[in-house]
Amino acid sequence: MGKNDSSIMLCLCIILVSIPMSAQIIIKDSIAIAPRMITGGSEAAASPTQTCYNIIYELNATAVKTPRPRIIFITEARTDTLVYCTSVFNCGVFGLFDNSTYPIGPVTNLDAQVNITYSEGANASGTVVSYPTVEIRPTTTRQFDVKTLEVILHYDPVYYVPANIVFGYVHFRIAPAIPPTLTITFPGEDTTIVVTDEYLPTIVLKEMHTPDDAIITWSPGNSISAADYITPEISEATVTVDATATRECGGEQSAVRKITFRKEEAVLEVIEPKPDDKTRKEITNEPKMPELIAKSRLKNYTGGTVLFDWKLTAQWENKENYGKSKRLITETFTGTTTASNDNVSEWKIDWKNKTRGGKDVMLEVTASAGGKTYTSGVIDKPYEILGMNPTPAMVKEGLAIEEQVIVYMESKPKWKHFVTDFNFPIFGDPHGYGLMQLDFPSASDEQVWNWKANKEAGKALFAEKKSIATNFPKSIRNRTKLPKKDEKYLSSGYKGATDFNTTELILRESFQRYNGGNYWFWKPNDPDDPEEGGEWFVAVKPRKWEKEPYGTRAWSVYQQVINANNGIGTYPKKWN
């Protein structure tokens with residue numbers, strides 16, 4: 001061990017013995033710091049960097065006379081004793097530390113925490129000498145987080161010159177400290193949890209904090225069970241939970257959440273549609289069914305998955321003026337959806353490629369969860385589903401002129417499938433519906449509400465009637481039974497009946513047969529002779545409300561359209 005090393009150990013012993021007990025210093029460490037050279041040839045020593053703070057001593061020891069005082073710096077949490085031996089070159093600087101509650105904040109807070117002690121003693125030769133008075137005061141030196149105090153020795157001017165000597169400097173530095181940040185991430189805000197007797201969940205709160213060395217404490221805890229608060233007598237309880245992040249050198253921060261447990265029975269709630277709203281929904285003129293979305297939830301349920309079974313019934317009844325039902329069309333559409341807890345479940349109604357309407361629409365929904373079934377009852381008349389008419393051009397598309405004539409004759413108002421532009425299908429006795437007034441056979445439910453299906457069915461029926469009309473003379477010739485004497489013009493059993501060899505003969509018969517009955521009758525020259533020739537005779541009579549037979553009027557319309565298409569005359573009224 002060298003000479004300087006021995007001196008250091010000696011000084012350490014002096015420190016331990018000389019500190020008065022009244023200071024109540026808890027000695028956590030005793031550190032010897034060797035001198036170091038600084039600018040200008042001065043010697044300096046510094047305490048090691050601490051977690052929260054450090055103090056650097058700079059000593060200009062060569063400029064100081066002996067004897068030197070013992071200087072003690074006292075703060076709330078730290079006491080450093082500077083001891084200077086008789087030789088400035090063989091003594092280190094020692095620090096005794098108690099940093100359990102060192103204050104955090106600007107270094108200016110330390111100004112009033114510095115006290116100085118001094119005393120008298122004897123020098124090495126035994127001569128009593130007087131220690132100088134020590135003054136410590138702030139300097140103007142300030143940079144960032146460093147606070148500098150100047151140590152001045154005041155010697156008696158009678159014995160020592162000069163009177164004031166700057167002994168050195170003490171630099172206080174508060175080391176940069178990152179204060180803790182804390183956020184409770186689950187739940188993200190104060191929340192209410194609905195519970196039941198069967199469902200009493202435990203909520204585990206989660207947090208996020210920085211820096212990593214922050215210590216997190218929870219009150220009452222981060223695991224909160226509803227079973228600890230909800231009883232048969234208590235149906236609602238609010239628990240305040242807080243998390244606190246602390247750092248030894250960076251303060252603390254808290255975050256608070258309130259968790260409310262509320263016991264409620266689950267109830268099936270239909271959010272949309274509402275009963276008796278009678279919201280008008282349209283079947284477009286494409287035609288396309290309206291987009292309907294029903295919404296429901298199992299309110300207050302928190303037990304997991306809920307299964308919803310949906311049923312919508314569209315119903316339309318056509319009645320006579322005195323209330324007798326002419327026809328009842330009912331169609332039911334079903335679907336299934338799921339949701340979690342009491343979240344809203346949506347059902348977009350699948351019309352299954354069917355077109356249906358009516359004013360009597362009913363909705364029902366059933367929820368199944370937790371071994372129980374909840375029903376909504378019937379939601380009555382939430383909608384009225386009505387039809388939009390196509391344009392005349394849309395109706396005529398794909399139809400020959402004679403087929404267009406049928407639509408023109410049958411539809412009242414002209415070219416319309418529904419009573420008005422937003423209504424129910426047109427009806428005509430005895431069983432006719434829509435554009436083509438299908439009576440025999442009667443229109444299907446789809447043909448009643450879908451104008452395109454109605455048009456196609458009417459087109460097929462007219463083709464069938466036209467085929468029968470074209471072959472009508474042949475059927476007359478093939479019959480064997482002659483009419484009775486009083487049935488003068490009954491067309492049957494005459495081999496001389498001629499084929500329809502003109503468009504007029506065929507179409508008049510076809511038009512009439514679409515409406516009912518036949519237009520032409522064969523009139524033999526001799527009713528008693530099956531081989532006798534004759535002529536085709538218009539024997540059909542107009543109905544009471546008709547001026548002319550249906551076939552006559554339809555043929556007239558057909559001729560007028562043909563002529564108008566050829567630039568001759570005008571189209572029938574309301575043709576376009």
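Quick summary incoming for the structure in this document. (Residues numbered from 1 in each chain as written. Predicted model: local features only at pLDDT ≥ 70, side-chain atom pairs only at ≥ 80, totals over all residues. Heavy atoms only, no water.)

### What about the overall build of the chain?
In step 1: Scanning the chain from N- to C-terminus turns up eight helices and 35 strands.
In step 2: Taking all 576 residues of the chain together, the buried fraction comes to 43%.
In step 3: Contacts in the chain between residues at least 24 apart in sequence constitute 60% of all its contacts with a sequence separation of at least 6.
In step 4: For the chain, the accessible area works out to roughly 30300 Å², and carbon and sulfur atoms hold 51% of it. (Helix = DSSP H or I, 4+ residues; strand = E, 2+ residues; numbered from the N terminus. Buried < 20%, exposed > 50% of the residue type's maximum accessible area, 1.4 Å probe, protein only. Contact = heavy atoms within 4.5 Å. Areas by Shrake-Rupley, 256 points an atom, 1.4 Å probe, with all protein chains shown as cover.)

### Here we look at the sheet that holds strand β30 (residues 383–388)
In step 1: With mixed pairing, three strands are arranged side by side in an open sheet as β22-β30-β31. The sheet terminates laterally at β22 (279–283) and β31 (422–423), the two strands that pair on one side only. (Pairing = 2+ DSSP bridges.)

### A closer look at the packing of helix α7 (residues 503–515) against helix α8 (residues 550–565)
In step 1: Close contact between α7 and α8 brings their axes to 8 Å; oriented N to C, the two are set at 125°. Accordingly, the angle class assigned to the pair α7 and α8 is oblique. Of the two possible hands of crossing, α7 and α8 adopt the one that is right-handed. Seen from α7, the contacting residues are Thr503, Glu504, Leu507, Arg508, Phe511, Gln512, Tyr514 and Asn515; seen from α8, they are Tyr550, Gly551, Thr552, Ala554, Trp555 and Tyr558.
In step 2: Here the contact of α7 with α8 is built from residues that sort into seven nonpolar, five polar and two charged. (Axes fitted to C-alpha atoms, helices over the stretch in contact; angles between N-to-C directions. Parallel < 35°, antiparallel > 145°, perpendicular 65-115°, else oblique. Left-handed = near helix turned anticlockwise from the far one by under 90°. Nonpolar A, V, L, I, M, F, W, Y, C, P; charged D, E, K, R; others polar.)

### Topic: the pattern of salt bridges
In step 1: For the structure shown, the criterion picks out 21 salt bridges.
In step 2: Ionic pairing is found between Asp499 and Arg477, a salt bridge with its closest N-O pair at 2.9 Å. Of this pair, Asp499 sits in the loop between α6 (472–478) and α7 while Arg477 is found in helix α6, placing the two residues 22 residues apart along the sequence.
In step 3: One connected set of salt bridges, linked through shared partners, spans Glu331, Lys354, Arg356 and Glu446. (Salt bridge = Lys/Arg side-chain N within 4 Å of Asp/Glu carboxyl O.)

### What to know about the pairing of strand β24 (residues 305–319)
Successive side chains on a regular strand alternate, one facing one side of the sheet and the next facing the other.
In step 1: In this structure, β24 lies alongside strand β25 (residues 325–340), joined through 15 bridges in antiparallel fashion. In the sheet register, Leu312 faces β25, and the bridge partner there is Phe333.
In step 2: Where β24 lies against strand β27 (residues 360–369), nine bridges are found, and the strand directions are antiparallel. Across the sheet, the residue bridging to Gln315 is Asp360, located in β27.

### What about α7?
Think of an α-helix as 3.6 residues a turn; residues three or four steps apart then line up on the same face.
In step 1: An ideal rise of 1.5 Å per residue puts 18 Å on 13 residues; α7 measures up with 18 Å between its terminal C-alpha atoms.
In step 2: Of all 13 residues making up α7, ten are buried, and the element is well covered by its neighbours.
In step 3: Listed in full, the buried residues belonging to α7 are Leu505, Ile506, Leu507, Arg508, Glu509, Ser510, Phe511, Gln512, Arg513 and Tyr514.
In step 4: Where the residues of α7 are buried, they touch α3 (401–410), α5 (451–470), α6, β34 (520–524) and α8.
In step 5: Positioned one or two residues after α7, Gly516 has a phi angle of 135°, which is positive. (Expected span 1.5 Å × (residues − 1).)

### Focus: the layout of surface pockets
In step 1: Of the volumes computed, that of the largest pocket is approximately 800 Å³.
In step 2: Lining the largest pocket we find 31 residues, and of these Met409, Glu410, Lys412, Asn515 and Tyr550 sit closest to its centre.
In step 3: Listing elements by their share of the lining of the largest pocket, those giving two or more residues are α3, β32 (427–428), α5, α7 and α8.
In step 4: When grouped by side-chain class, the residues that make up the lining of the largest pocket number 14 nonpolar, five polar and twelve charged. (1 Å grid on protein atoms, 1.4 Å probe; cavity = no way out; pocket = protein on both sides within 12 Å on 5 of 7 lines; lining within 4 Å. Points joined across faces, edges and corners; volume = space filled by probe spheres on them.)

### Things to note about the sheet that holds strand β17 (residues 215–219)
In step 1: Strand order in the open sheet formed by four strands is β14-β20-β19-β17, and the pairing between neighbours is mixed. The sheet is open, and its two borders are formed by β14 (191–195) and β17, each paired with just one other strand. The sheet shows a mean angle of 20° between the axes of neighbouring strands, taken without regard to direction.
In step 2: Strand direction decides the pairing type here: β14 and strand β20 (residues 251–263), joined by five bridges, are parallel. Bridge assignment links Val195 to a residue of β20, and that residue is Lys263.

### A short note on the environment of Asp242
In step 1: Secondary-structure assignment places Asp242 in strand β19 (residues 236–247).
In step 2: Residue classification places Asp242 among the partly exposed positions, given a relative accessible area of 22%.
In step 3: For Asp242 and Leu205, which are 37 residues apart along the polypeptide, the C-alpha to C-alpha distance reads 9.9 Å.
In step 4: For Asp242, the residues in contact, after removing those within four places along its chain, are Thr217, Trp218, Ser219, Ala255 and Val256.

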